[in-house]
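# Structural overview
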Amino acid sequence: MVEDYSRDQLRNIAYECGKSNELFAYTMLPHLFIGKSKLHTELFDALDRLERGDFQRLALKAPRGIGKTTALLSFILKQIVYRRMNCLAQASASVSLAKKDAEGVKEELLNNKLIKSIFGTFKPESRTTHFSQDNWVTSAKYDREGSMTHAGTQVTPISWTASIRGLFHMTPLGKFRPDGIIADDMEDPQEVASDNQRAKIQSWLDSCFKNLVQFYDVRGDYEFVWWMIVSGTMLHDDCLIERCCRSGDYETVELSICNDKFETNAPEFVSTERLAEERAEYEKAGRTHIWYQERMGLSMDPETAEFKPEYFHTFEEKDIQDTYFSTHAILLDTARTIEKNSCETAIVGVSFAPEENTFYVRDLVHGKLQPAMITGKGTPTESLLEVYNMADRLSNSFSQTVIGYERTGLGLYIEYPLESFQRERGSYYILEALDSTGNKDDRIMALAPMHRMGRFKYAEGIVDQFKLQLTRMPAAAKKDIADALAFILQLMGKGRRYFNPTNDASKKKFEDKMLVLRKERYNKMPPARRIRMSI
């Protein structure tokens, strides 16, 4: 009971808890922190280092349900009661969620007996002071002479859709910009699949949220060094927390509920057996990749991934010098723009060997290339040049070369430049219009069966780029070259370019079937047309 502590004991508790976020959490908030594991120790250690100033930006990726948000609540509470923060911007996926998180902090300030016994009340006495509203301020602190030493902490719950430029805390001691900013679970599980939505949130974080703090080194007498925390659970290979962890701009802490052998890292909370049961439940529901994301922070399930690393067979050009290719396909998936957040243009060169029924992926060009068109100066863009340069590299006089281009949404705006430019340069390749109908993920996943059969081989210099995207499907951060490659199935089907029999039995069966078809066609002909025709 709090009443059992002497004043000296309370001072000692305050002193010791001020040095450790873990001790503060388990001492001040025992009703929220029941158990402790090495995951929590690692988390609190990172918060201690942030508090000491070892770094200013922390990216925290943690499994769902481990208490990440509660640990952040404790950290915020500690900064408030020890008067180490003037203004906090607390962000979440929606304003309602951010308000809920902020209310948790306020609830402890109002009702936590141990905190009130040690640090006093934080609810302002004046009714004119904002405390009951969404954007609230704690009470000020005065010294023995009655001079204000801290004007209280303003806590502002926000979301990424809110207008937050110019956020500050106006006080008698000065005008303070946020010195603490937290973005926790910023993405919605249903919306994170949208490339556009992810790009918007990332843009908000970089252009708005980061700039809330006092960027310059000059600080007033009552200002503190700013800090920033981005935290979340893995929801997509290109989600916000994953981008922050990969960027190199943050001190990164990545926690997993278990190791690679699926042995629990937090036995105090969940056993290895319980994790196995849960994983089996997800597997039965066909949602194993969700389990890997939310429990281990992985973007795919390495066991049940449709594209496994062993499916990617390689070759060198010298190995296929004598290989007969019936078709060389140049697959163009052009981007509409070259903006920073737009998709990249991908051009893939594939040769089909009918005697092996194998696709050889031989060439790749991708990046922020201008869309395939002729510019106002009458010159071709990079995309056009790369398409025909690749066609020239792969084509020969014994095979047909087909340029397959994705036309959905572009129509004549891509067809005309392709045809005009090849006539101007004296090239005569087949142009095949392809449609990106349906779901992009479904198109790409249609390549999986042939990869399992070993029907695809990759040039050694480009295999890793395809492997990076395909093995992470359907949650890959980028899918541009995988989507371009997927068009090979549509192109081959449109041109009726199918596999051939590969063994004597199937060849005999095929020839017999063709003979029957020729006889049927012959018998349907008028007698006059049969005179010079033999079966």
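This write-up is about the structure you can find in this document. Bear in mind the structure is a predicted one, so any value in this text is a computation, not a measurement.

### A few points about the packing of aromatic side chains
- Across all of its chains, the model carries 20 aromatic pairs by this definition.
- Between the aromatic rings of Tyr 26 and Phe 44, the centroid separation amounts to 6.2 Å while the plane-to-plane angle is 70°, which identifies the pairing as edge-to-face. With Tyr 26 in helix α2 (residues 21-28) and Phe 44 in helix α3 (residues 38-52), the pair connects residues that are 18 residues apart, well separated along the chain. Phe 44 matches Tyr 26 in its accessibility class, with the two residues each being buried.
- Ring geometry for Phe 352 versus Phe 359: centroids 5.1 Å apart, planes at 40°, classification tilted.
- You can call Phe 352 buried: its relative accessible area is 3%.
- Given a relative accessible area of 3%, Phe 359 falls into the buried group.
- Each member of the aromatic cluster is reached from another via a ring pair, and the members are Phe 352, Phe 359, Phe 456 and Phe 499.
- The ring of Tyr 26 carries Lys 36 above its face, with NZ or CZ at 5.3 Å from the centroid.
- The lysine or arginine in question, Arg 84, covers the ring of Tyr 82, its NZ or CZ lying 4.8 Å from the ring centre.

### Section: the sheet that holds strand β12 (residues 313-315)
- One open sheet accounts for 7 strands, arranged β12-β18-β15-β14-β13-β16-β17; its pairing is mixed. Among the strands making up the open sheet, the edge pair consists of β12 and β17 (430-434). Neighbouring strand axes in the sheet, compared pairwise and without regard to direction, differ in orientation by 30° on average.
- By the bridge criterion, 6 bridges tie strand β13 (residues 327-333) to strand β16 (residues 400-406) in an arrangement that is parallel. Residue Leu 331 lies in a different strand from β16, and its bridge partner there is Gly 404.
- Its contacts with the sheet put helix α11 (residues 382-394) on β13, β14 (345-353), β15 (358-367), β16 and β17, and the angle it makes with β14 is roughly 15°.

### Regarding the packing of helix α15 (residues 463-470) against helix α16 (residues 480-494)
- It is at 8 Å that the axes of α15 and α16 come closest, and there the two elements cross at 95°. The angle between the axes of α15 and α16 places the two elements in the roughly perpendicular class. Residues Gln 465, Phe 466, Gln 469 and Leu 470 of α15 form the contact with α16, whose own contacting residues are Asp 480, Ile 481, Ala 482 and Leu 485.

### Re the nonpolar core
- By size, the foremost hydrophobic cluster in this structure holds 57 residues, and its most contacted members are Met 28, Ile 80, Phe 119 and Ile 229.
- At 8 residues, the largest contribution of residues to this core is made by helix α4 (residues 68-81).
- Dropping the residues within four chain positions of it, Phe 119 is found in contact with Ala 14, Met 28, Val 81 and Tyr 82.
- Ile 320, Ala 459, Ile 462 and Met 473 belong to the second largest nonpolar core, which has 40 residues in total.

Criteria and thresholds
- Each chain carries its own residue numbering, running from 1 in the direction its sequence is written.
- Thresholds applied to this predicted model are a pLDDT of at least 70 for local features of residues and 80 or more for the giving and counting of side-chain atom pairs; totals over whole chains, interfaces and linings are not thresholded and use all residues.
- Neither water nor hydrogens contribute to the side-chain values; these are computed over all heavy atoms in the structure.
- Centres within 6.5 Å are what make two rings of Phe, Tyr or Trp a pair, Trp counting through its six-membered ring; a difference in plane orientation under 30 degrees is then read as stacked, over 60 as edge-to-face, and the rest as tilted.
- Only runs of H or I of at least four residues qualify as helices and only runs of E of at least two qualify as strands under DSSP, and these elements are numbered from the N terminus.
- Residue exposure (1.4 Å probe, protein chains only): buried if accessible area is under 20% of the type maximum, exposed if over 50%, otherwise partly exposed.
- The rule for a charge over a ring is simple: NZ of Lys or CZ of Arg within 6 Å of the ring centre, and within 35 degrees of the ring normal.
- DSSP-based pairing: two strands are paired if at least 2 bridges between them are found.
- For helices, the fitted line uses only the C-alpha atoms of the stretch in contact; every axis is such a line through C-alpha atoms, and the angle between N-to-C directions lies from 0 to 180 degrees.
- We call two residues in contact whenever any of their non-hydrogen atoms come within 4.5 Å of each other.
- Between 65 and 115 degrees an angle is taken as roughly perpendicular, under 35 as roughly parallel, over 145 as roughly antiparallel, and anywhere else as oblique.
- What we call a nonpolar core is a set of buried Ala, Val, Leu, Ile, Met, Phe, Trp, Tyr and Cys residues that are connected through their side-chain atoms within 4.5 Å.

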